[in-house]
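So you can see what is in the structure, the chains are spelled out below.
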Amino acid sequence: MKTKRILSLLLTLIMAFALCIPALALDADPEIRNVIIMIGDGMGENHLKLAEQYGHTLFMNTEYDLRGQSMTSSLSHITTDSAAGGTALACGMRVINQTVGVLGYDPFGLVRLPMSITEVAAEKGMRTGIVTTDKTTGATPADFTVHVLYRKQYEKIGQAQIETNFDLIWGAKESTLAREDVEAHGWTYVSNRDEMLALEPGSRSYGQFSGQLWRPNNSLTLAEMSTKAIELLNTDNDKGFFLMIEGAHIDKNSHTSDGIKMDYDEKRESVVDAVVGFDNAIRDVVEFAREDGHTVVLVTADHETGWIFADIHGDMRFHSNEHTAHNVPVFVFGNKTLFKANHAVPNYTIPIRLARLLGWGKDEFPRARDGSLIKRGPEDASPGDVDGDGDVTAADARLALRAAVGLERFEPGSAEFLAADMDGDGVITAADARQILRIAVDAEA
Ligand SMILES: [Zn+2]
């Protein structure tokens, strides 16, 4: 009884202290102007191990400042596809598989068109770019540029892309897009390395390249494209830039089936090539970021492809030709507070964390296209995670306690309310806040 009272008093004291603690991980960093998200499509933890077994020391896996994992599920499926996986990373919101930047199923009347981080960046006057080894209309580049109900509407995606005001969109050629049409919308159309290298800052360019952009020894590589894109976006514009770079072929090459498209070792080699081509781009991008000092680089994947794990001899082998629901790696360069080291965070919180780092408020991102706030629905509630950032921290206890004393008001049934009401009695009280703080303290210990 006595111990209980002492514990109770101690928790009350900690709680009083917690009231003054801001959410550390989601503070703005005034030094950060530029954000670069790099997505290794389909890149799981064991893709890295596979490349290492082939003798490659990966820059991303040795030089990072912060490492963790992303939980990749979509709104509709435990195993996401690239469209929904990329939308979570682009729009800060989980959607249904196959949809691109659209919430097709909206029973809570939340929002249909969540704005992408690229769109908000452009609205804020930042320069914006998309670089991929995939076709420019592939699911991932589409997620960061347009909104369509189905990822295979390539013609619609291409048309919508050329109507955007982004600074550059580069990838492999999309056959439904005509050069004249692209140029008529004010873009410089570039189709090879020389044309790309000749671009000057201030131009807006749509890149339609041929060749295997993912190969580390191709005539045009992802690393070269990334370096040139940064040169074009990093003008003296003090508003900074946002750039998404995708290594799409880690996924594509992991999908090929044994004995159908290529033999097994050839498949593994092609996947390793794609990982190395992506890693080379990361090395060059981070080299820029470190010199610049105002750039954060986040590397992750939308999902794992191929169910790679070690066989009885320790060799990394594919066990599927499809996506899996495994957590994927997240590496951060240029920041150590975006999330707690070695922890897994839900995929959709990643762009939200980056937005907060840039100082964007809750009313700015995530948000619907019409400017209204995105309300999280009950299905998003995770016990104790009141602010929805994927971690239970003292900041969540603080919010719950503020709600208990009437300083915050959460709609009954909202994600915040459900997350704060730990004992489920329909009222948020100090007892709920105390339970949250216990979890937070345990997690810190
Ligand atoms: Zn994918």
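Please read these numbers as outputs of a predicted model, since none were measured by experiment. (Residues numbered from 1 in each chain as written. Predicted model: local features only at pLDDT ≥ 70, side-chain atom pairs only at ≥ 80, totals over all residues.)

Describing the overall build of the protein chain
For the protein chain, the helix and strand inventory stands at 16 helices and 14 strands. Restricting to contacts in the protein chain with at least 6 residues of sequence separation, those with at least 24 account for 70%. (Helix = DSSP H or I, 4+ residues; strand = E, 2+ residues; numbered from the N terminus. Contact = placed C-beta atoms within 7 Å.)

A closer look at the sheet that holds strand S5 (residues 188-190)
If you walk across this open sheet you meet the 10 strands as S5-S6-S4-S3-S7-S1-S8-S13-S2-S14, and the pairing is mixed. Of all strands in the sheet, those bounded by a partner on one side alone are S5 and strand S14 (344-346). Neighbour-to-neighbour, the strand axes of the sheet open up by a mean angle of 15 degrees, direction not taken into account. Inspection of the sheet shows strand S1 (residues 34-40) paired to strand S8 (residues 295-300) by six bridges, in the parallel sense. The partner of Val 35 across the bridge, within S8, is Val 296. Packed on one face of the sheet, helix H10 (residues 222-233) meets strand S3 (127-135), strand S4 (168-172) and strand S7 (241-247) and runs near 165 degrees to S3. (Pairing = 2+ DSSP bridges. Axes fitted to C-alpha atoms, helices over the stretch in contact; angles between N-to-C directions.)

Focus on H10
Note: α-helices contain 3.6 residues per turn, so residues at a spacing of three or four share the same orientation. Between the first and last C-alpha of H10 there are 16 Å, a value that for 12 residues agrees with the 16 Å anticipated at 1.5 Å per step. Those residues of H10 that sit buried are Leu 222, Met 225, Ser 226, Lys 228, Ala 229, Ile 230, Leu 232 and Leu 233. Those residues of H10 hidden inside the fold are in contact with S3, S4, helix H9 (193-197), S7 and helix H12 (264-292). (Expected span 1.5 Å × (residues − 1). Buried ≥ 20, exposed ≤ 12 C-beta atoms within 10 Å, placed from the backbone.)

A look at the packing of helix H14 (residues 394-404) against helix H16 (residues 430-444)
Between H14 and H16, the shortest axis-to-axis distance is 8 Å and the interhelical angle comes to 175 degrees. By the criterion of interaxial angle, the relationship of H14 to H16 is roughly antiparallel. Contacts between H14 and H16 involve Ala 394, Asp 396, Ala 397, Ala 400, Leu 401 and Ala 404 from the first element and Ala 430, Asp 432, Ala 433, Ile 436, Leu 437 and Ala 440 from the second. In terms of residue class, the contact of H14 with H16 is built from 10 nonpolar, no polar and two charged. (Parallel < 35°, antiparallel > 145°, perpendicular 65-115°, else oblique. Nonpolar A, V, L, I, M, F, W, Y, C, P; charged D, E, K, R; others polar.)

Observations concerning the environment of Tyr 154
One can find Tyr 154 in helix H7 (residues 154-162). Note: C-alpha distance between Tyr 154 and Ala 139 (15 residues apart in sequence) is 9.2 Å. Contacts of Tyr 154, omitting those with residues within four sequence positions, involve Thr 137, Glu 174 and Thr 176.

What to know about H16
Over its 15 residues, H16 runs 21 Å from end to end, which matches the ideal 21 Å to within 8%, given 1.5 Å per residue. All of the buried residues along H16 are Asp 432, Ala 433, Gln 435, Ile 436, Leu 437 and Ala 440.

Observations regarding the pairing of strand S2 (residues 66-71)
For S2 and strand S13 (residues 328-333), the ladder comprises five bridges, and the chain directions are antiparallel. Following the sheet pairing, Leu 66 is matched in S13 by Val 332. Looking at chain direction, S2 and S14 are connected through three bridges and run parallel. Bridging across to S14, Met 71 finds its partner in Pro 346.

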